[in-house]
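# Close look at the chain arrangement
Listed below, chain by chain, are the residues.
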Amino acid sequence: MTRAQLARLRALIDAGQEERFYSWREWKRLSLHVRLRLDNNECQKCKERGKYAPAEIVHHIKHLRDRPDLALSIWDPDTKERQLVSLCRSCHELEHPERLRPACAATAEPLTEERWD
Ligand SMILES: [Zn+2]
Ligand SMILES: [Zn+2]
(Lines give C-alpha, C1' and ligand atoms only; values in the text may rest on other atoms or scores of the structure.)
(Ligands and ions follow the chains in the order given, each with its own letter.)
Protein backbone atom coordinates (compact mmCIF):
# COMPACT_ATOMS: atom_id res chain seq x y z
CA MET A 1 0.00 0.00 0.00
CA THR A 2 1.21 3.49 -0.67
CA ARG A 3 2.12 6.02 2.02
CA ALA A 4 -0.86 8.11 0.98
CA GLN A 5 -3.23 5.16 1.40
CA LEU A 6 -1.77 4.36 4.79
CA ALA A 7 -2.16 7.97 5.89
CA ARG A 8 -5.81 7.93 4.75
CA LEU A 9 -6.48 4.68 6.57
CA ARG A 10 -4.82 5.86 9.80
CA ALA A 11 -6.98 8.98 9.68
CA LEU A 12 -10.12 6.82 9.30
CA ILE A 13 -9.08 4.64 12.25
CA ASP A 14 -8.40 7.69 14.40
CA ALA A 15 -11.86 8.98 13.54
CA GLY A 16 -13.44 5.59 14.33
CA GLN A 17 -14.53 5.24 10.71
CA GLU A 18 -12.35 2.38 9.55
CA GLU A 19 -15.35 0.59 8.06
CA ARG A 20 -15.11 3.10 5.23
CA PHE A 21 -11.96 1.30 4.17
CA TYR A 22 -14.14 -1.55 2.91
CA SER A 23 -15.60 0.64 0.22
CA TRP A 24 -12.20 1.47 -1.23
CA ARG A 25 -11.77 0.29 -4.77
CA GLU A 26 -8.39 -1.21 -3.93
CA TRP A 27 -9.92 -3.30 -1.16
CA LYS A 28 -12.82 -4.51 -3.30
CA ARG A 29 -10.48 -5.57 -6.06
CA LEU A 30 -8.00 -7.27 -3.74
CA SER A 31 -10.57 -9.03 -1.57
CA LEU A 32 -12.39 -10.34 -4.62
CA HIS A 33 -9.10 -11.69 -5.91
CA VAL A 34 -8.37 -13.44 -2.60
CA ARG A 35 -11.84 -14.90 -2.30
CA LEU A 36 -12.36 -16.06 -5.84
CA ARG A 37 -8.91 -16.75 -7.21
CA LEU A 38 -6.83 -17.81 -4.23
CA ASP A 39 -9.45 -19.40 -2.00
CA ASN A 40 -11.86 -20.71 -4.61
CA ASN A 41 -14.73 -18.93 -2.83
CA GLU A 42 -14.38 -21.38 0.04
CA CYS A 43 -14.03 -20.83 3.81
CA GLN A 44 -10.44 -21.74 4.64
CA LYS A 45 -11.11 -22.66 8.28
CA CYS A 46 -13.86 -25.07 7.34
CA LYS A 47 -11.60 -26.46 4.65
CA GLU A 48 -8.89 -27.20 7.25
CA ARG A 49 -11.45 -29.29 9.10
CA GLY A 50 -12.44 -31.13 5.96
CA LYS A 51 -15.74 -29.30 5.61
CA TYR A 52 -17.08 -27.09 2.87
CA ALA A 53 -18.66 -23.67 3.37
CA PRO A 54 -18.86 -20.81 0.91
CA ALA A 55 -16.64 -17.84 1.75
CA GLU A 56 -18.50 -14.71 2.80
CA ILE A 57 -15.84 -12.45 4.26
CA VAL A 58 -12.19 -11.72 3.63
CA HIS A 59 -10.64 -11.41 7.08
CA HIS A 60 -7.51 -9.53 8.16
CA ILE A 61 -5.58 -11.98 10.35
CA LYS A 62 -3.70 -9.08 11.90
CA HIS A 63 -6.63 -6.78 12.52
CA LEU A 64 -7.03 -3.59 10.58
CA ARG A 65 -6.80 -1.38 13.64
CA ASP A 66 -3.59 -3.03 14.85
CA ARG A 67 -1.77 -3.24 11.54
CA PRO A 68 -3.22 -0.76 9.05
CA ASP A 69 0.00 -1.10 7.06
CA LEU A 70 -1.05 -4.69 6.23
CA ALA A 71 -4.57 -3.73 5.18
CA LEU A 72 -3.85 -4.43 1.52
CA SER A 73 -1.30 -7.23 1.94
CA ILE A 74 -2.27 -10.75 0.95
CA TRP A 75 0.81 -12.09 2.71
CA ASP A 76 2.24 -11.13 6.07
CA PRO A 77 5.86 -10.09 5.53
CA ASP A 78 6.82 -11.09 9.11
CA THR A 79 5.41 -14.61 9.22
CA LYS A 80 5.36 -15.27 5.44
CA GLU A 81 1.87 -16.63 5.97
CA ARG A 82 -1.45 -15.33 4.71
CA GLN A 83 -2.64 -12.01 6.08
CA LEU A 84 -5.92 -12.06 4.15
CA VAL A 85 -8.06 -15.17 4.31
CA SER A 86 -11.58 -16.03 3.15
CA LEU A 87 -13.98 -17.23 5.85
CA CYS A 88 -17.63 -18.07 6.26
CA ARG A 89 -19.66 -15.92 8.60
CA SER A 90 -19.62 -18.30 11.57
CA CYS A 91 -15.86 -18.92 11.42
CA HIS A 92 -15.37 -15.20 11.08
CA GLU A 93 -17.33 -14.42 14.23
CA LEU A 94 -14.99 -16.68 16.20
CA GLU A 95 -12.10 -14.52 15.02
CA HIS A 96 -13.71 -11.42 16.50
CA PRO A 97 -14.90 -11.87 20.09
CA GLU A 98 -15.53 -8.12 20.12
CA ARG A 99 -18.23 -8.65 17.59
CA LEU A 100 -20.21 -5.52 18.29
CA ARG A 101 -17.90 -3.72 15.92
CA PRO A 102 -17.99 -4.60 12.27
CA ALA A 103 -14.28 -5.34 12.20
CA CYS A 104 -14.33 -6.81 8.73
CA ALA A 105 -16.94 -6.08 6.16
CA ALA A 106 -18.41 -8.62 3.82
CA THR A 107 -16.82 -8.41 0.43
CA ALA A 108 -18.80 -6.83 -2.34
CA GLU A 109 -20.80 -9.31 -4.30
CA PRO A 110 -20.24 -8.65 -8.00
CA LEU A 111 -19.05 -11.97 -9.33
CA THR A 112 -17.99 -10.48 -12.61
CA GLU A 113 -14.46 -11.43 -13.46
CA GLU A 114 -12.27 -8.46 -12.89
CA ARG A 115 -8.85 -8.51 -14.44
CA TRP A 116 -5.99 -8.84 -11.97
CA ASP A 117 -2.60 -8.17 -13.46
ZN1 LIG B 1 -16.03 -21.61 7.98
ZN1 LIG C 1 -12.27 -10.24 10.44
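Please read all numbers here as calculations on a predicted model, not as lab measurements. (Residues numbered from 1 in each chain as written. Chains lettered and ligands numbered in written order. Predicted model: local features only at pLDDT ≥ 70, side-chain atom pairs only at ≥ 80, totals over all residues.)

## Here's the deal with the overall build of the chain
In terms of regular secondary structure, the chain is built from four helices and two strands. Each helix (α) and strand (β) of the chain, taken in turn from the N terminus, gives the series α-α-α-β-β-α. Pairs at least 24 apart in sequence give 65% of the contacts found in the chain among residues at least 6 apart. (Helix = DSSP H or I, 4+ residues; strand = E, 2+ residues; numbered from the N terminus. Contact = placed C-beta atoms within 7 Å.)

## Examining the nonpolar core
In terms of nonpolar packing, the biggest core is built from 19 residues, with Phe-21, Cys-43, Ala-71, Leu-87 and Cys-88 touching the most fellow members. At the level of secondary structure, the elements contributing two or more residues to this core comprise α2 (25-38), β1 (57-60) and β2 (84-87). If sequence neighbours within four positions are ignored, Cys-88 has contacts with Cys-43, Cys-46, Ala-53, Pro-54, Ala-55 and Glu-56. (Core = buried A, V, L, I, M, F, W, Y, C linked by C-beta atoms within 7 Å. Buried ≥ 20, exposed ≤ 12 C-beta atoms within 10 Å, placed from the backbone.)

## Description of the confidence of the model for the chain
Summing up the model confidence of the chain, the mean pLDDT is 88 and the portion of residues at 70 or higher is 84%. Per-residue pLDDT, averaged within each element of the chain, yields its smallest value for helix α4 (residues 89-95) (90) and its largest for helix α3 (residues 44-48) (98). (pLDDT = per-residue confidence, 0-100.)

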